[in-house]
Every structure is written in C-alpha cells, then in structure tokens.
Amino acid sequence: TQDWLSSLDRMRFWRHALETAIASRMIGESLGRKSTEELFLAGLLHDLGLLVLEKMEPKEFARIWNEAGKEGGFVEMEYRLWETTHAEIGGYLLRQWYLPEAICQPVDQHHDGTILDKAEPDLVASQILMLGHMISKFTIAPERELNTEALLAIESLRSVLGISAGKLIDIEKELTSTTMAEADYLEMNIGSIDDLLLEANRLLFEQSIAAERLANENRRLRCKLRKQQADTESVT
Ligand SMILES: [Fe+2]
Ligand SMILES: [Fe+2]
C-alpha cells in the first residue's frame with residue numbers, strides 16, 4: 001500500500017515516456033537507423049530514475065520537484081543534492097538488468113548537456129533520445145515551461161544529427177496523433193482527447209513565445225554588433 005502521495009502523476013509520466021519513445025523512433029527512422037526498437041525502449045524507460053529517486057528520497061524529491069517547475073532546473077537541483085541525476089540512476093539500473101548498451105547509454109546521457117553539439121557516432125543514440133525527450137509535448141510536470149535554452153538545445157541536436165528543420169517540424173506534427181493512436185493500441189490511458197489537445201496547444205504557445213524572445217535577442221545582438229562596428233570604423 002502507498003502511505004505517501006507521489007509528486008509524479010503516473011498518467012503524465014507514462015504519456016511522456018510513450019511520446020518520447022515514439023519521437024525517438026521517428027527521429028531514428030528519419031536518419032535511416034536500423035535499431036529503432038532500441039530507441040523506442042530507451043524512450044519508454046528514460047525517466048525510470050525519477051521513480052527510483054522519489055521512492056528513495058520522497059521528501060527531498062517532492063521539494064525539488066515542486067521547486068523546479070521545469071525539468072532543466074530540476075536536473076541541476078538533483079546534482080546539487082545527490083551528485084547524480086535520475087538519468088544516471090536510470091542508466092545504472094538498466095545496466096544492472098543487463099539491457100543492451102544501446103538502451104542504457106542513451107538513458108544515462110539524456111540530460112547530459114556536454115553531448116549537445118558533439119559529432120560522434122557513439123553519441124548519436126543518446127542525442128536522438130535527448131531530442132525525442134525535448135520535443136515531447138506532454139511533459140511530466142504540468143508547469144514545465146519551454147525556455148530559450150531548451151529551444152537552442154533542440155536546434156543544436158537537430159543540426160548535429162543532420163536533420164533538416166522541415167523534417168523535424170514534420171515529426172513534431174505527426175507526434176501527437178501517433179502517440180494517441182499507439183496509446184490506444186497499447187490500451188494505455190494517456191488522458192482524454194480534450195486534455196491532449198489543450199496540452200499540445202499550451203506547448204505550441206510557449207514555443208512561439210520562446211522563439212519570439214530568441215528572435216528579439218538576436219536582433220538586439222545584431223544591433224549592438226553593428227553599433228560596435230560603426231564605432232571602431234569611426235575611430236580608425
Ligand atoms: Fe529525464
Ligand atoms: Fe523526459
């Protein structure tokens with residue numbers, strides 16, 4: 001029996017897992033990779049460490065989960081508190097179960113910011129999972145927001161993997177309906193259609209705000225650069 005209330009909504013947890021699994025498989029397919037089933041499984045299991053951490057440290061977990069609001073900040077808090085993350089714990093557990101490295105390594109690295117722009121064949125599966133997790137519209141924490149940093153990370157992963165911007169948009173467009181169809185097939189409860197559409201719309205809205213912020217920042221930097229150039233020219 002459960003004598004404590006989990007901070008992790010299980011329906012949201014598995015919905016995000018399934019969506020990440022499907023997104024990772026779609027990205028893998030678009031890159032012509034053979035082992036997309038492993039990407040699917042890695043996606044399904046990628047946040048397993050969250051369940052373990054919460055079970056082990058329920059109080060601390062609830063505190064940082066509620067404080068973070070968004071997963072990026074959450075991972076930094078995990079590091080500060082436990083010197084590890086749910087990603088590493090998940091990877092460790094899956095290795096204990098002797099699952100193939102093609103599953104363990106991506107789970108282990110799915111929040112590792114150092115692999116964002118490294119073009120190495122060894123890191124491709126991890127980068128695919130990371131991108132799959134990031135384009136997932138159905139997040140676990142309802143209030144997790146998509147910030148400029150996340151948009152830049154998505155852009156970096158897209159370009160290091162060699163996926164065109166158009167292709168990624170196609171994948172994102174297909175993702176919601178494929179997730180709904182597959183959940184139906186697996187008889188998984190991922191919420192009503194209304195809920196799903198509401199959630200997808202919320203993310204689209206946040207995405208457009210973040211993109212606008214990014215464009216403004218870009219413009220500001222370009223203006224500054226132009227001004228600096230003009231200044232140096234007038235000096236010389
Ligand atoms: Fe995660
Ligand atoms: Fe995730």
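Throughout this document, residue positions are counted from 1 along each chain, in the order its sequence is written. All chains are assigned letters beginning with A, and all ligands numbers beginning with 1, in the order in which they are written. Owing to the predicted nature of the model, reporting of local features is limited to residues with pLDDT of at least 70; listing and counting of side-chain atom pairs is limited to 80 or more, with chain, interface and lining totals taken over all residues. Hydrogens and water molecules were not included; the side-chain quantities draw on all heavy atoms of the structure.

This part covers the coordination of the iron ion (ligand 2). Any N, O or S atom lying within 2.8 Å of the metal counts as a donor, with the limit raised to 3.2 Å for Na, K and Ca; because water is left out of the atom set, some sites can appear incomplete. Listed as protein donors to the iron ion (ligand 2) are His 16 (NE2), His 46 (NE2), Asp 47 (OD) and His 133 (ND1); their distances from the metal cover 2.2 to 2.3 Å. Angular criteria define each label, namely tetrahedral for four donors with all angles between 85 and 135 degrees, square planar for four and octahedral for six donors with opposite donors over 155 degrees apart and remaining angles between 65 and 115, and irregular for whatever fails these tests. If you look at the iron ion (ligand 2), its four donor atoms make angles of 81 to 172 degrees with each other, and the shape they trace is irregular. In primary-sequence terms, the residues that donate to the iron ion (ligand 2) follow H-x29-H-D-x85-H. Here the iron ion (ligand 2) and the iron ion (ligand 1) are spaced 3.5 Å apart, linked through Asp 47, which binds each one. In this pair, His 46 sits in the loop between helix H2 (36-45) and helix H3 (48-56) while His 133 sits in helix H8 (residues 124-135), placing the two residues 87 residues apart along the sequence. Burial classes: relative accessible area under 20% of the type maximum marks a residue as buried, over 50% as exposed, and values in between as partly exposed (1.4 Å probe, protein chains only). Judged by relative accessible area, His 46 falls into the buried class, the value being 0%. What makes His 133 buried here is its relative accessible area of 4%. Labels follow the DSSP assignment, with helices taken as runs of H or I lasting at least four residues and strands as runs of E lasting at least two, numbered in each case from the N terminus.

With that settled, consider helix H4 (residues 58-68). Residues Phe 61, Ile 64, Trp 65 and Ala 68 constitute the buried set of H4. Taken end-on, H4 shows its buried residues confined to a sector of 105 degrees, consistent with a single buried face. Residues Lys 59 and Asn 66 are exposed on H4 and point more than 90 degrees away from its buried face. What the arc measures is the spread of directions leading from the helix axis to the C-beta atoms.

When you line up the elements, Ala 42 lands in helix H2. Judged by relative accessible area, which is 0%, Ala 42 ranks as buried. The spatial distance from the C-alpha of Ala 42 to the C-alpha of Tyr 185 is 19 Å, given a sequence separation of 143 residues. Only heavy atoms matter for contacts: two residues are in contact if any of them lie within 4.5 Å across the pair. Here Ala 42 is in contact with Ile 103, Pro 106, Val 107 and Leu 129, once residues within four sequence places are set aside.

We now examine helix H1 (residues 10-30). Every helix has an expected span of 1.5 Å times one less than the residues it contains. In a regular helix each residue adds 1.5 Å, so 21 residues correspond to 30 Å; H1 covers 30 Å between its end C-alpha atoms and thus fits that length. H1 sits mainly inside the fold: 16 of its 21 residues count as buried. Capping of H1 at its N-terminal end is provided by Asp 9; its side-chain oxygen lies 2.9 Å from the backbone amide nitrogen of Met 11. Once H1 ends, the next one or two residues include Gly 32, with phi positive near 70 degrees. As used in this structure description, the phrase polar contact means that two N or O atoms lie within 3.5 Å; if the pair is within protein, one of them must be able to donate a hydrogen and the other to accept it, and residues adjacent in sequence are counted only when both atoms belong to side chains.

It is worth spelling out the environment of Thr 139 at this point. Structurally, the position occupied by Thr 139 is in the loop between H8 and helix H9 (148-161). Along the sequence, Thr 139 and Glu 199 sit 60 residues apart, while their C-alpha atoms lie 8.9 Å from each other. A polar contact of 3.1 Å, which involves the side chain of Thr 139, links it to the backbone oxygen of Ala 141.

So, on to the nonpolar core. Throughout, nonpolar core names a set of buried Ala, Val, Leu, Ile, Met, Phe, Trp, Tyr and Cys residues whose side chains join them through atoms within 4.5 Å. Counting 35 residues, the largest nonpolar core has Ile 27, Leu 131 and Ile 135 as its most contacted members. The set of elements that each furnish at least two residues to this core consists of H1, H2, H8, H9, helix H10 (165-185) and helix H11 (193-235). Considering every element that reaches this core, the biggest residue donor is H8, with seven residues. Residues in contact with Ile 27, not counting those within four places in the same chain, are Ile 128, Leu 131, Gly 132, Ile 135, Ile 163 and Ile 171. Ranked by size, the runner-up nonpolar core spans 15 residues in total, among them Phe 13, Leu 53, Phe 74 and Ala 141.

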